[in-house]
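# Residue-level structural notes
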Amino acid sequence: MHICPTLREDDGLAMSSRNAYLNGEERQSAPVLYRALRSAEELYRSRVYAVGDAGGRIASSELLSTILNILNSDSLVHNIQYVSIDDKNTMWPLSDVGTDGAVISLACEVGSVRLIDNIIL
């Protein structure tokens, strides 16, 4: 498997043919997926790479909570199908994440359009 960066619009929305189905209001809300992922990434980096932190790990449940709080704050986001925090090599779910990082992926609907996104920690 060869991992490549996700191509994104200027506002962070992952490029996808599905984006064409978003109406104007949905299109404005859609970048919330990436904002949620980036917030989890910032939390991960602040906790795992914090100076003087001997643990160097963060519970996946904390990352999940951060993502869900942001997604649920947007009224157009619904039917959150999954938020997965997995090992980058095996894609097995992780209970916590350390310096090896992880892949966080999610799927939900914005309006009537199912969108997916991911980020590599």
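That block above? That's the structure.
The model shown is predicted, which means the values in this text are computed figures rather than measured ones. (Residues numbered from 1 in each chain as written. Predicted model: local features only at pLDDT ≥ 70, side-chain atom pairs only at ≥ 80, totals over all residues. Heavy atoms only, no water.)

### Some details on the overall build of the chain
Across its full length, the chain carries 3 helices and 5 strands. For the chain, the sequential pattern of α-helices and β-strands runs α-α-β-α-β-β-β-β. For the chain, the spread of C-alpha atoms along the three principal axes comes to 45 × 30 × 25 Å. Here the chain holds 121 residues, and 42% of them are scored as buried. Counting contacts in the chain only where the partners sit at least 6 residues apart, residues at least 24 apart contribute 57% of the total. Surface exposure of the chain reaches about 6900 Å², of which carbon and sulfur atoms provide 51%. (Helix = DSSP H or I, 4+ residues; strand = E, 2+ residues; numbered from the N terminus. Buried < 20%, exposed > 50% of the residue type's maximum accessible area, 1.4 Å probe, protein only. Contact = heavy atoms within 4.5 Å. Areas by Shrake-Rupley, 256 points an atom, 1.4 Å probe, with all protein chains shown as cover.)

### Observations concerning the sheet that holds strand β2 (residues 77–86)
Taking strand neighbours across the sheet as the criterion, the 3 strands line up as β2-β4-β5 in an open arrangement whose pairing is antiparallel. Strands with a single pairing partner mark the edges of an open sheet, and in this sheet they are β2 and β5 (113–120). Within the sheet, the average angular offset between the axes of one strand and its neighbour, ignoring direction, is 15 degrees. With 7 bridges connecting them, β2 and strand β4 (residues 103–110) associate as antiparallel partners. Across the sheet, residue Val-77 finds its bridge partner in β4, namely Val-110. In the packing of helix α2 (residues 32–48) onto the sheet, contacts are made with β2, β4 and β5, and the angle to β5 comes to roughly 25 degrees. Lying over the sheet, helix α3 (residues 60–72) contacts β2 and β4, oriented at roughly 160 degrees with respect to β2. (Pairing = 2+ DSSP bridges. Axes fitted to C-alpha atoms, helices over the stretch in contact; angles between N-to-C directions.)

### Observations concerning the layout of surface pockets
For the largest pocket, the calculated volume is near 180 Å³. In terms of lining residues, the largest pocket is bounded by 15 residues, among which Ala-14, Ser-16, Leu-115, Ile-116 and Asp-117 are the most central. Of the residues forming the lining of the largest pocket, the biggest block, 4 residues, is contributed by β5. Residues that form the lining of the largest pocket fall into these classes: 8 nonpolar, 5 polar and 2 charged. (1 Å grid on protein atoms, 1.4 Å probe; cavity = no way out; pocket = protein on both sides within 12 Å on 5 of 7 lines; lining within 4 Å. Points joined across faces, edges and corners; volume = space filled by probe spheres on them. Nonpolar A, V, L, I, M, F, W, Y, C, P; charged D, E, K, R; others polar.)

### Side note on unusual backbone geometry
Despite not being glycine, Asn-79 has its phi angle at roughly 50 degrees, a positive value. Looking at Asn-79, the relative accessible area reads 41%, which means it is partly exposed. The backbone of Met-91 shows a phi angle near 65 degrees, a positive value even though the residue is not glycine. Position of Met-91 among the secondary structure elements: in the loop between β2 and β3 (96–97). In this structure Met-91 comes out as partly exposed when scored by relative accessible area, which is 38%.

### Digging into the pairing of β4
Burial of β4 is extensive: 8 of the 8 residues sit out of reach of the surface. As defined by bridge partners, β4 adjoins β5 across 8 bridges and the pair is classed as antiparallel. From the neighbouring strand, Leu-106 faces β5, where its bridge partner is Asp-117. Adjacent in sequence and paired antiparallel, β4 and β5 are bridged by 2 residues, among which Gly-111 carries a positive phi angle near 65 degrees.

### Considerations on the nonpolar core
By size, the foremost hydrophobic cluster in this structure holds 29 residues, and its most contacted members are Leu-63, Ile-67 and Ile-104. Broken down by secondary-structure element, the contributors of at least two residues to this core are α2, α3, β2, β4 and β5. When residues of this core are assigned to their parent elements, the largest contribution, 8 residues, is made by α2. Discounting chain neighbours no more than four positions away, the residues touching Leu-63 are Ala-40, Leu-43, Tyr-44, Ile-58, Ile-85, Val-97, Ile-104 and Leu-121. (Core = buried A, V, L, I, M, F, W, Y, C linked by side-chain atoms within 4.5 Å.)

Interpretation in functional terms is not warranted from these geometric data alone.
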